[in-house]
Each structure stands twice: as C-alpha cells, then as structure tokens.
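Letter by letter, the chains look like this.
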Amino acid sequence: MRLERLPPRNAIARSPRSPGHFHDYLARRWKEGCTLATRLLTEIKGLGYTGCYTHLARLLAPWRSKTSSKVQEKERQLPPSSIPLPRDPTTGRPLSPLTAGALCIKPRPLLSVRQMATVDALKANSPEFVVMRQLAMRFRGILRSRNIDALGRWLKDAHECRIYEMQRFARMLQSDLDAVTNALTLPWSNGQTEGQISRLKTLKRSMYGRAGVELLRARVLPF
C-alpha cells in the first residue's frame with residue numbers, strides 16, 4: 001500500500017487449454033489462407049490443444065474482422081464500372097444479379113429459348129459473366145464425374161480468374177479440401193441427417209412456447 005506505483009502483474013502461463021498457446025502456429029496458418037475455424041481446431045488438437053471451439057473462435061474473431069475490413073476497403077477503392085447493366089432482350093428491363101446467378105449455373109440444354117437469349121445478352125455485355133459461367137459449368141462437370149484431378153486444375157484457374165467472388169469460393173473449397181475430396185470420392189452423404197435436423201428445428205420453432213415434449217414427439221415420430 002505504501003508503493004508509489006503498482007508492481008507489474010504476473011502473467012498467467014498459457015496452457016494447452018488456451019488457443020493462445022498455439023498463437024504462432026495459428027497466425028502462420030491464417031496467413032497461408034486457412035481461415036476455417038473447424039479446420040484449425042482439428043490441426044491444433046493434433047498438436048495437443050485441449051480447449052474448446054468457443055475459445056478458438058474468440059481468438060480468431062479479431063483476425064476475421066480485420067480481414068473483412070481490408071476487403072471492404074479494397075472494394076471501396078475500386079472505380080465504379082462504366083459498363084451499362086445488361087437488359088432482358090424480351091422486356092428491356094435491367095437484369096438482376098439473382099437472374100444472372102441462376103443462369104450462370106444452368107447448362108445450355110436446360111435453358112428455354114428466352115433464357116438462351118438472356119444468357120447471350122449477358123455474355124455480350126459482361127466478359128466476367130463469360131468466365132464465371134465457364135468455371136461454373138466445369139465445376140458442375142467435376143461434381144458429376146467425380147474427377148479429383150480436374151478439381152485441382154479448376155481451383156488453380158479459379159484463383160487466377162481475377163473475379164473476387166470466384167476466388168473467395170475457391171479459397172473456401174481449398175480451406176476444407178479434405179471434406180470436398182471425400183464428397184467427390186465417397187458414396188456416403190449426410191444429406192438425410194441434415195434434412196431431419198432442419199425438419200426438427202422447423203417443428204420446434206412452429207410450436208415454441210405453446211406445446212410440450214409429448215406433442216413434439218408425436219409430430220416428429222412417423223406414424
């Protein structure tokens with residue numbers, strides 16, 4: 001109490017229960033482009049991490065916010081496009097991004113006559129749409145043919161296409177490449193499980209605060 005200033009605080013030694021114990025490793029993997037928290041959790045668990053996912057997510061949150069701020073600042077610095085929006089050849093109205101996105105992933109044999117005309121208008125007005133549609137059709141073919149070698153070439157081309165949205169999608173696939181590879185090579189799927197979970201959540205939300213477990217069980221179990 002007689003001291004003029006407080007003594008320095010004792011620093012708590014970081015244990016394997018804290019993600020800070022693996023700070024250098026996490027920082028290096030983050031710079032390498034691995035920003036998927038579940039993937040990083042698996043990696044540091046292999047190094048001896050005994051903590052939980054929540055603590056790791058709390059550590060990564062400022063990094064993710066900083067990365068997002070840099071991307072937004074970069075996008076604000078881009079000059080506005082002087083290319084006019086493509087218009088629907090039938091109605092003359094500007095085509096929405098939602099329409100362009102839906103047509104970007106639909107093969108030409110499945111397009112109607114009107115949709116073909118719209119795709120041609122988009123191609124004539126937007127070179128980026130041409131590149132994105134080519135990549136989308138290739139990716140669709142990879143999913144159907146389950147060609148792992150073609151996936152590697154596709155990721156390389158997507159990273160070099162200079163379209164931010166496609167580069168971001170490729171980075172997401174790259175960060176969880178093991179899961180993507182398993183989806184292409186293995187015959188199993190968790191689609192049925194995810195569907196049942198979504199169904200259960202829908203039933204719970206529709207009855208929230210108005211029913212008990214018995215009614216929920218009656219609605220969930222098949223007759």
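Preceding this paragraph is the structure being described.
Residues numbered from 1 in each chain as written. Predicted model: local features only at pLDDT ≥ 70, side-chain atom pairs only at ≥ 80, totals over all residues. Heavy atoms only, no water.

Caption draft 1: Fine view of the overall build of the protein. Looking only at helices and strands, the protein has eleven helices and zero strands in total. Secondary structure elements in the protein, listed N-terminal to C-terminal, are α-α-α-α-α-α-α-α-α-α-α. By the burial criterion, 24% of the 223 residues in the protein qualify as buried. Of the contacts made within the protein by residues no fewer than 6 positions apart, 47% connect residues no fewer than 24 positions apart. (Helix = DSSP H or I, 4+ residues; strand = E, 2+ residues; numbered from the N terminus. Buried < 20%, exposed > 50% of the residue type's maximum accessible area, 1.4 Å probe, protein only. Contact = heavy atoms within 4.5 Å.)

Caption draft 2: Main features of the packing of aromatic side chains. For the coordinates displayed, the defined rule picks out five aromatic pairs. Taken together, a centroid distance of 4.9 Å and an interplanar angle of 45° make the contact between Phe 139 and Trp 154 tilted. Pair noted here: Phe 139 is in helix 6 (residues 127–145) and Trp 154 is in helix 7 (residues 148–159), with a separation of 15 residues, a long-range link. With relative accessibility at 1%, the residue Trp 154 sits in the buried group. By way of ring pairs, the aromatic residues Phe 139, Trp 154 and Phe 169 are connected into one cluster. (Phe/Tyr/Trp six-rings, centres within 6.5 Å; stacked < 30°, edge-to-face > 60°.)

Caption draft 3: Here's a closer look at the nonpolar core. Residues Ile 142, Leu 151, Trp 154, Leu 155, Met 166 and Leu 173 are the most contacted members of the largest nonpolar core, which totals 15 residues. Breaking this core down by element, the ones donating at least two residues are helix 6, helix 7, helix 8 (164–175) and helix 9 (177–185). Of the residues forming this core, the biggest block, five residues, is contributed by helix 7. Here Ile 142 is in contact with Asn 147, Ala 150, Leu 151, Trp 154 and Leu 184, once residues within four sequence places are set aside. (Core = buried A, V, L, I, M, F, W, Y, C linked by side-chain atoms within 4.5 Å.)

Caption draft 4: Structural detail: unusual backbone geometry. Positioned with a positive phi, Arg 146 is a non-glycine residue whose angle comes to about 55°. With a phi close to 65°, Arg 162 is a non-glycine residue in the positive phi region. Checked against the element boundaries, Arg 162 lands in the loop between helix 7 and helix 8. Since its relative accessible area comes to 77%, Arg 162 is described here as exposed.

Caption draft 5: Structural detail: the pattern of salt bridges. Summed over all chains, the structure comprises eight salt bridges. Among the ionic pairs, Asp 178 bridges to Arg 39, the shortest N-O distance being 4.0 Å. Here Asp 178, found in helix 9, pairs with Arg 39, found in helix 2 (residues 37–46); they are 139 residues apart in sequence, far enough to count as distant. Put simply, Lys 156 and Glu 160 hold a salt bridge, and the shortest N to O gap is 3.1 Å. For Lys 156, a relative accessible area of 48% corresponds to the partly exposed category. Each member of the salt-bridge network shares a partner with another, and the members are Arg 28, Arg 29, Glu 32, Arg 39, Glu 43 and Asp 178. (Salt bridge = Lys/Arg side-chain N within 4 Å of Asp/Glu carboxyl O.)

Caption draft 6: Structural view of the packing of helix 7 against helix 9. Remark: helix 7 packs on helix 9, axes separated minimally by 11 Å, with the N-to-C direction vectors making an angle of 140°. On the basis of the axis angle, helix 7 is oblique to helix 9. As helix 7 packs across helix 9, the resulting crossing turns out to be right-handed. Of the residues in helix 9, those in contact with Ile 148, Leu 151 and Leu 155 of helix 7 are Leu 177, Val 180, Thr 181, Leu 184 and Thr 185. For the contact of helix 7 with helix 9, the class distribution of residues is six nonpolar, two polar and no charged. (Axes fitted to C-alpha atoms, helices over the stretch in contact; angles between N-to-C directions. Parallel < 35°, antiparallel > 145°, perpendicular 65-115°, else oblique. Left-handed = near helix turned anticlockwise from the far one by under 90°. Nonpolar A, V, L, I, M, F, W, Y, C, P; charged D, E, K, R; others polar.)

Caption draft 7: Spatial organisation of the side chain of Gln 167. Along the chain, Gln 167 falls in helix 8. Of the polar contacts made by the side chain of Gln 167, one reaches the backbone oxygen of His 159; its length is 3.0 Å. The residues contacting Gln 167, other than those within four sequence positions of it, are Ala 158, His 159, Cys 161 and Arg 162. (Polar contact = N/O pair within 3.5 Å; in protein donor to acceptor, adjacent residues only side chain to side chain.)

Caption draft 8: Up close: the packing of helix 10 (residues 191–206) against helix 11 (residues 213–220). Two elements in contact, helix 10 and helix 11, have axes whose closest approach is 11 Å; the angle formed by their N-to-C orientations is 140°. Overall, the two elements helix 10 and helix 11 adopt an arrangement that is oblique. Handedness of the helix 10/helix 11 crossing: right-handed. Here helix 10 contributes Arg 199, Leu 200, Leu 203, Lys 204 and Ser 206 to the contact with helix 11, which in turn contributes Leu 216, Arg 219 and Val 220. Taken together, the residues of the contact of helix 10 with helix 11 break down into four nonpolar, one polar and three charged.

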